[in-house]
Amino acid sequence: ASHELRTPLAIITGYLENLLDDDMLEEPAMARRFLVIMRKHTERISRIVEDMLVISKLESGEASSLKIEPFKLRSCVNDVTERLESVIRNHEATVTVKLDDPDIVLHGDRFYFTQVLFNLVENALKQNPHPGLRVEIGCRSGNGHIQVWVSDSGVGIPTADLPHIFRRFYRVEKHHSQQEIKGTGLGLSIVKRAIEAHNGTVSVTSVPGKETKFLITLPVATLN
């Protein structure tokens, strides 16, 4: 965690030194470019801190005080697609929703379920910035369980990386994202901890270039 925070802080400090010590403030265009970069790294630090707080709550026993209440899964899905609308549009991606029962109701903490879906869909979009990505959010129930999934048609996850992707700060490096500011590396850890707090499990399968699928399995007790 200290490394993840030090890196953007070092970048911000470097640009500040350039602005102040090298009189870059006298060059508005250059100064503005530096400020934009600094803002991105500041947002990254904020996201890391927020994600670490979420994981801390889930691991510290506060998960036992989750706000359990009935909620419609579709409402979580709508929240996620609305929050990511601009990213979906900019990536020219398509998000489809496939619910066996459009009105299905879960019992759980709506905040964490929304966060889980948000992290999974956002992760698919960030890892596949090229146009044409297809993302599916789905749900079905049966055999005493309810299953929720997020799948995408992107580049996929190498087999060697699959056992490690739920570890904190673990990233699958891809050539197309090397020039981009990385995510926090905590999103999938939050997914795993949040689902486990609801007595569920999450798994992933991936066929690169065809389908990557995160499958959440919950006990039937989470159904209304």
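Residues numbered from 1 in each chain as written. Predicted model: local features only at pLDDT ≥ 70, side-chain atom pairs only at ≥ 80, totals over all residues. Heavy atoms only, no water.

A. View of the overall build of the protein chain. Scanning the protein chain for helices and strands turns up six helices and seven strands. Its helices and strands taken in sequence order, the protein chain reads α-α-β-α-α-β-β-α-β-β-α-β-β from the N to the C terminus. Looking at the 224 residues of the protein chain, the share that counts as buried comes to 42%. For the protein chain, the accessible surface area stands at approximately 12400 Å², while carbon and sulfur atoms represent 52% of it. (Helix = DSSP H or I, 4+ residues; strand = E, 2+ residues; numbered from the N terminus. Buried < 20%, exposed > 50% of the residue type's maximum accessible area, 1.4 Å probe, protein only. Areas by Shrake-Rupley, 256 points an atom, 1.4 Å probe, with all protein chains shown as cover.)

B. Representation of the sheet that holds strand E5 (residues 145-152). Pairing is mixed in the open sheet, where five strands are placed in the order E2-E4-E5-E7-E6. Strands at the two margins of the open sheet, each flanked by one partner only, are strand E2 (94-99) and strand E6 (201-207). Each adjacent strand pair in this sheet contributes to an overall mean axis angle of 15°, direction not counted. Inspection of the sheet shows strand E4 (residues 134-142) paired to E5 by eight bridges, in the antiparallel sense. Looking at E5, one finds that Val135 is bridged to Asp152. Docked against the sheet, helix H3 (residues 73-83) engages E2, E4 and E5, running at close to 175° with respect to E2. Sheet strands touched by helix H6 (residues 187-197): E6 and strand E7 (211-219). Its angle to E6, the strand with the most contacts, is close to 140°. (Pairing = 2+ DSSP bridges. Axes fitted to C-alpha atoms, helices over the stretch in contact; angles between N-to-C directions. Contact = heavy atoms within 4.5 Å.)

C. Spatial organisation of the pattern of salt bridges. Evaluated as defined, the whole model comprises four salt bridges. A salt bridge links Glu122 to Lys126, with the shortest nitrogen-to-oxygen separation between them at 3.7 Å. Linking Glu122 with Lys126, this pair stays in helix H5 (residues 110-127), spanning four residues, or about one helical turn. Judged by relative accessible area, which is 14%, Glu122 ranks as buried. On the accessibility criterion, Lys126 (41% relative accessible area) is partly exposed. Across the salt bridge formed by Glu196 and Lys192, the nearest N and O atoms sit 2.5 Å from each other. (Salt bridge = Lys/Arg side-chain N within 4 Å of Asp/Glu carboxyl O.)

This is a description of form; function is not addressed.
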